[in-house]
Each structure stands twice: as C-alpha cells, then as structure tokens.
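Next come the chains, spelled out residue by residue.
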Amino acid sequence: MIEFSNVTKKYDEIEALRNFSLKISDGELLILLGPSGCGKSTALKLINALVKPTEGEVYIDGESVASKSPEELRRGIGYAIQNMGLFPHYSVENNISIVPKLLKWSKIDIEKRVDELMDLVGLQRNFKNKLPGELSGGEGQRVGVARALAADPKILLMDEPFGSLDPLNRIRLQNEFLKIQRHLKKTVIFVTHDVEEAVRLADRIVIMRLGELIVSGTPEQLMTNKSSEERNYISEFLGSEYSLKLLSRLNVEKYIRTLGVEKFDPETAVKLDSNLTQALSMMVSKGVDRINVCENDSEDIVGEIRIWDIISAYKGDKI
Amino acid sequence: MRFALSKIGSVIMLLSLFLLSAVVYSPNRIVTGKEYSFLEYFRTSSGIVVFVVLCIICIGIFVFGFICDEKKHKIHSHVVGIFSVAFLFILLFQYGLASQNIIFSEFSYGRLSLGGGFWLIILGIIMANWGSTNTARGYFFVMISITIGFLVSGHLNSLSILKELFSRSDTFLEQIIRHFWLACSAVAAGIVLGIPIGVYIFRSNKPHKAILFVLNLGQTLPTLALLGLLLIPLGIGFAPAFVVLTIYALFPIVHNTISGLKLVDSEVVTAAKGMGMSPGQVFMKVQFPLAMPVLLGGMRTALSQAIGNTILAGLIGGGGMGSIIFLGLAQSSPDLILLGIIPIVIMTFLLDFAMVYIQQLYQRYYLGVVS
C-alpha cells in the first residue's frame, strides 16, 4: 500500500502540492487526472523520491520513502514516462535490462527476462538489437513499458506513457496494457490529462487542481458524485460528454438480452466484446433503437441490445 | 547549373595557362625575379605541343560538363578524373624538362619559383574534381601519388622550393614532427583539463563567470600578445608555446563539454534516475556518452586551431613549421614560406578528416545514428 500523508511540496514559493493525502491499495490502477500544472507528476515523483516533500511523508507498505536510499527504492519501482526516455545509445535489449543489471541479476536470468517481457508487450524478438532511433512511436512505448516491468516491481509509476502516440496506437497500447495489468495485478499510479484514457484504464480516478485533491472515486462514482462542493469543476473538467466516454468501460456482453420476436439484419450487429459506445454509435448510424449482438469470431447472432439497456446501464441495473 | 564547379575549374586552368606566370626566375636571392608565362617557359617546339595538349584537356573538361546530364554524373566524374590525372602528369613532366633549360641553370644561385599560374591550376584541378562520385574520388589519390612520385624521382629538383627543402632536409621532418606533437600535446592537455572543468561547471549548475572569463580572455587576447606575456615568467622555447596553445584549446573543449551535457535529453536523465541509477552511473552511462559527439566537435575545433596557432611557436623558439615560415619571411623567400605552409595545410586537412571520421564512427557504432 502507498500512502500520502499531508504532503506539501513547494518549489520556491509555488506550491506544487498542498496538503495532499491519498491511499492506494495493492493491485489498484489509480489514475491521477488533471490539467497541466496541477501537481500530478509531482505526486508521482514523490513516490520514487525524485521529488522530496517539503512537509508530510509518503509511505510504501508502512515504511517512509525518505528513510530508504533513493537508488535502492527506485530499483524496486517501475517507471515509465512520456517520450519514453529510452537511452538512445542502448539497444532495445540493453534498455530493458537496465534495472536487472543494476540489481546484479545473472546474465542468464536477464536474457530470459528480456525474452519474457518482449513477448508480454508484443515485441518481436528480432527487435532486440535495434536502437530506439530505429523504432516507431508505438514500438518505443512498448519498450518503455517492458523496461518499467523489467525487475518485476510491485509498483509501477507511469507519467503519461502513451501521451506522444497517435490516437489509434494509444488505444491499442491502452488495451494491451489493461490486459497485462489484469494478469500481473501491479499497483499502478498513472498520470494523464486525457479524460478518455483515464476512464478507459482506471480502477479509481483522482482529480486534481492546483496541487489539491478534488475528488477520488471510480469513473462511475465521479459521474454521480453530487455531494462534492467542487461539482462544477469536476463536471467541467470531465466534459459534458463524459457519460458517453463512460460507456466505453461497459461491455455489451453484460447487457445483452435474448432476441425479440423480429429478427434484424445481421449487418447491423455488434460483436460480443465491443463496448456500449460502439453499440450506441451503431444504433445512431443505422437509425435504429435496437441492434443484434453476434459472436466475436462468427456472424452467429446471440442476442440483442436496446437503447434503453444502454441508458439504464448507468444506474447499474442489469435487466 | 550542371557541373558548374567543374566548368569553372577548367576555365581557371585554361586562363591560367594563357594569362599567368608559370615560374618566377631570379639569378640570385636578392634580385627581384622575372615572371615567365607558360608559353615562354615551355618554349621548345615539343613544349608548344604540350601546351596545346594541356589547353585541349581544359576545353575537354569544360565541354564535357555540357554533354553530360545529371544522370551521367558517374561518367562525368570518371572522365574529368582521367583528364585531370593526364593533365597533372604532363604538366609536372614538362615543368621538370623546362627547368633544365639553359637560361635557368646558368647561375648556380638562380632561383626558379613556381608562379601564380601553377597554384591556380592546382586549385582549378581540385575544383574540377570537387563534386566527384565516391568511386571517382580515387583519382585524387592517383594525382597525389603522381605528385609524390615526381618529387621523389628528382625530376623537379631544379625548382627552388625543392632546393630549399634539400638544403634543410635534416631538420625539415624533425620540425614537422615537432609541430605535430606540440599541437597535439597542447590539445591533449586541453582535453585532460577542459573536460573536468566543463563537467564541474555543468554539474554545479552555476554560471561560474570567473572561469569562463579567463577562458574567454584567452580567446579575445591575440595569441601573440599572450605569448609575449608568458615569455616573462616562462622564458623562450617549448614551455610558453605549450601553455598558450593549451589555453587556446581549453575554450572550445570546455564550451562544448558544457553545451554537450546540456543538450542531453532531460527525459533520458530523469528516466535514468527514476530507474535507480546513482548520480555517478547517470553521468558515466548516460550523460557523458550522449554528450560525446558535441565534445568531439570541440576537440576538432581545438585541434585545427592549435595546428594554426603552433606556427607562432616558431617566433619564441618553440620550433615547428613557424621557424621555417618566419625565416622565409625574414629572407623574403616565398619558396621557404611555402615550404613551411604546405605541410601545415596537409596536416590540418588530414587531422580534420581523422576527427570527422572518429565522430562518424562514434555516432554510427555507439549511438546508432545513420547519417
């Protein structure tokens, strides 16, 4: 568990973080969300001691971060940043094995681990000897993630790791990362200013502004959070189409119902593993209020979904 | 324009043949020499034929620039290369033959210097071949070999520049080596001192005006003035020259060390720290290797500067080519001056090529930059 206890960080007179308290449980994927300059990156860097708190303390599993040697601490925490920060003069293999080498793993272990990681993040083995300059943005970012995971750290810090990618690649990497995360169950603290990215990935979102924590909750809770005084800021920041973004978290499979009397055209069908945004989009484009759902790998229709199912999905009703 | 440089080169060669002097002859050192045009110098009937052939080659190069289009660049390079080789061979051969002419050998103290036309023709040849394709660059080496061959064969020994060389052949090579080592050791000292200074200034993150002021002073103060100042504590000879050259080498090295380190992507440094590298590891494994190309650029500047500045060492008894050049100046002997300058030019080019090559090797094999 990671705990921020009343942390304040000042750069000269500017408060980057003010009286910040937060607990992050093991295996949680927490998103720090906010506009630039809100202190989210500072909060992240406090965890691996790249930034030292002016007041307050950060604890990892009950131990204060300040009490450990920063190098030892950082070697046990994965770190991936925007624009990757890959060493341009290191091959992909050497980039991935930086932390294992710092931890003095044996050569054989490192080699095995590099192969394992390259499979995990979907990089072909023949990329090993390439240099970062020869990689595309998406490939480089995969190497960045693999490097952060190299020494199998319990905690993973990610500072807008997909920020420099084009939308298509970003979504692809987000999905792959989610798959990896479901399997590895790391404690992930992920910084972004992209609401869509936050909604797609988060177990929990923390919204920040000017160094303060405004609200914390699951993406669904943020939608319905009416108690907070900061409601206006939250809804402004999340955007009026937030509800549509939220739909992308919900899977068609969960809201499917048995086929009604009439059969519809299989042309207007979505696959089982698509999300509600895609289903709604299909309805809008075809001008219908119900569409068929088919198997992922065939055109066999397994049921249908209606527009009211989507609308009521927010309330948590399952028909 | 297609092959513009090549055409201009051939025009320069042709005009030099007609308008400029081939040699300057004076019966002794004191008398002002008389200029001889190429036609006058070659004079014999076979010499006139040679002159015509040389003219035809120039016109050939010129015309060939028009016949070839861009696609035939390779053919053009080869033709110009072959023409140039033939031209140089015939020219040098004829120079040697003509120098045995009775007028030039009647006085044993006579001085037969190369005229302006000769040097411009060399320039013209270089220009004509400048844009050659990679495969055609070899002609340059053929031309250099031909020149060396003629020098060694003794065919050109009547030229006074060679007479000057032979009259001091025992010390000439020694002075070249001395020049080379003086420049290189000063740059080496500049590297050994400059890199730590640069690193210190970079890491302390302060402007350090005092250190930079001293270094800048070295740049602003004329080399000669600094030499003069150092004569007082250090006397004459190797020491003051070495100190001054080192101070001059320091500036580009310190400067490039700092800017090279500053240019390293801060994301990469943050990532290195974030992964748990110690400050020393971050520096040795990330910052320094990545700053190296800029640093090598600084060394390159320092080296070519040093080779030029080392000439001044000759003034204070530090030796090197300067001692030959200044002797030539004192005796108003252009041949002696040239004898001092040519090795410096060659040395500068060779060392510069070497540094560029090292830079490219470093970039290609260590940083993986494909240029």
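Placed above this text is the structure.
Okay, so let's go over this structure. Treat the numbers as computed from the prediction; the structure is a model and nothing was measured. (Residues numbered from 1 in each chain as written. Chains lettered and ligands numbered in written order. Predicted model: local features only at pLDDT ≥ 70, side-chain atom pairs only at ≥ 80, totals over all residues. Heavy atoms only, no water.)

Some details on the overall build of chain B
Point 1. A tally of helices and strands in chain B yields 16 helices and three strands.
Point 2. Across the 371 residues in chain B, those meeting the buried criterion constitute 47%.
Point 3. Long-range contacts, defined here as pairs at least 24 residues apart, represent 76% of the contacts in chain B between residues at least 6 apart.
Point 4. Carbon and sulfur atoms provide 73% of the accessible area of chain B, an area that totals close to 18,200 Å².
Point 5. Distance between charge centres in chain B, computed from 21 positive and 12 negative side chains, equals 9 Å. (Helix = DSSP H or I, 4+ residues; strand = E, 2+ residues; numbered from the N terminus. Buried < 20%, exposed > 50% of the residue type's maximum accessible area, 1.4 Å probe, protein only. Contact = heavy atoms within 4.5 Å. Areas by Shrake-Rupley, 256 points an atom, 1.4 Å probe, with all protein chains shown as cover. Lys, Arg positive; Asp, Glu negative; His and termini not counted. Charge placed at Lys NZ, Arg CZ, Asp CG, Glu CD.)

Points about the overall build of chain A
Point 1. From N to C terminus, chain A includes 14 helices and 13 strands.
Point 2. At 22 Å, chain A has a C-alpha radius of gyration in line with the 20 Å of a compact globule built from 319 residues.
Point 3. Over its C-alpha atoms, taken along the principal directions, chain A stretches across nearly 70 × 55 × 30 Å.
Point 4. Taken over 319 residues, chain A has a buried fraction of 51%. (Rg over C-alpha atoms; globule rule 2.2 N^0.38 Å.)

Brief notes about the pattern of salt bridges
All names here are of chain A.
Point 1. Per the counting criterion, the structure on display carries 16 salt bridges over all chains.
Point 2. Between R18 and E15 there is a salt bridge, with the nearest N and O atoms lying 2.7 Å from each other.
Point 3. Residue class for E15 comes out partly exposed when judged on its relative accessible area of 28%.
Point 4. Between D152 and K186 there is a salt bridge; the shortest N-O distance is 2.4 Å. Residue D152 is found in the loop between α6 (137-149) and β7 (155-159), and its partner K186 is found in the loop between α7 (167-184) and β8 (187-192); the two are separated by 34 residues along the sequence. (Salt bridge = Lys/Arg side-chain N within 4 Å of Asp/Glu carboxyl O.)

Examining the pairing of strand β2 (residues 14-24) of chain A
Residue and element names in this part refer to chain A.
Point 1. Strand direction decides the pairing type here: strand β1 (residues 2-11) and β2, joined by seven bridges, are antiparallel. Along β2, the bridge assignment pairs V7 with F20.
Point 2. Hairpin connection, β1 to β2: the antiparallel pair is bridged by two residues, and D12 has positive phi, about 50°. (Pairing = 2+ DSSP bridges.)

Some remarks on a nonpolar patch on the surface
Residues and elements named next belong to chain B.
Point 1. A contiguous nonpolar patch, built from V11, L15, F18, L19, L20, I59, F62, V63, F66, I67, L120 and L123 and spanning about 1,100 Å² of accessible area, is present on the exposed surface.
Point 2. Among the elements of the structure, α1 (4-19), α3 (45-67) and α6 (116-128) are those that each provide at least two residues to the nonpolar patch.
Point 3. Considering each element in turn, the nonpolar patch owes the most residues, five residues, to α3. (Patch = residues over 30% accessible without salt bridge, like charges linked within 9 Å, V, L, I, M, F, W, Y side chains within 5 Å.)

Observations regarding the sheet that holds strand β3 (residues 111-114) of chain B
All names here are of chain B.
Point 1. Spatial strand order, β2-β1-β3: three strands in an open sheet with antiparallel pairing. Either end of the sheet is taken by a strand with one partner, and the two such strands are β2 (34-37) and β3. Taken over all neighbouring pairs, the strand axes of this sheet differ in orientation by 30° on average, direction set aside. (Axes fitted to C-alpha atoms, helices over the stretch in contact; angles between N-to-C directions.)

Things to note about the sheet that holds strand β9 (residues 204-209) of chain A
Residues and elements named next belong to chain A.
Point 1. Read from one edge to the other, the open sheet built from six strands follows the order β6-β7-β8-β3-β9-β10, with strand pairing classed as mixed. Strands at the two margins of the open sheet, each flanked by one partner only, are β6 (77-81) and β10 (212-217). On average, adjacent strands in this sheet sit at an angle of 15° to one another, irrespective of strand direction.
Point 2. Pairing analysis gives five bridges linking β9 to β10, with the strands arranged antiparallel. Within β10, the position partnered with M208 by the bridge is L213.
Point 3. In the packing of helix α1 (residues 40-47) onto the sheet, contacts are made with β3 (29-33), β6, β7, β8 and β9, and the angle to β8 comes to roughly 150°.
Point 4. Contacts between α6 and the sheet are confined to β6 and β7, with β6 contributing the most and set at about 165° to the helix.

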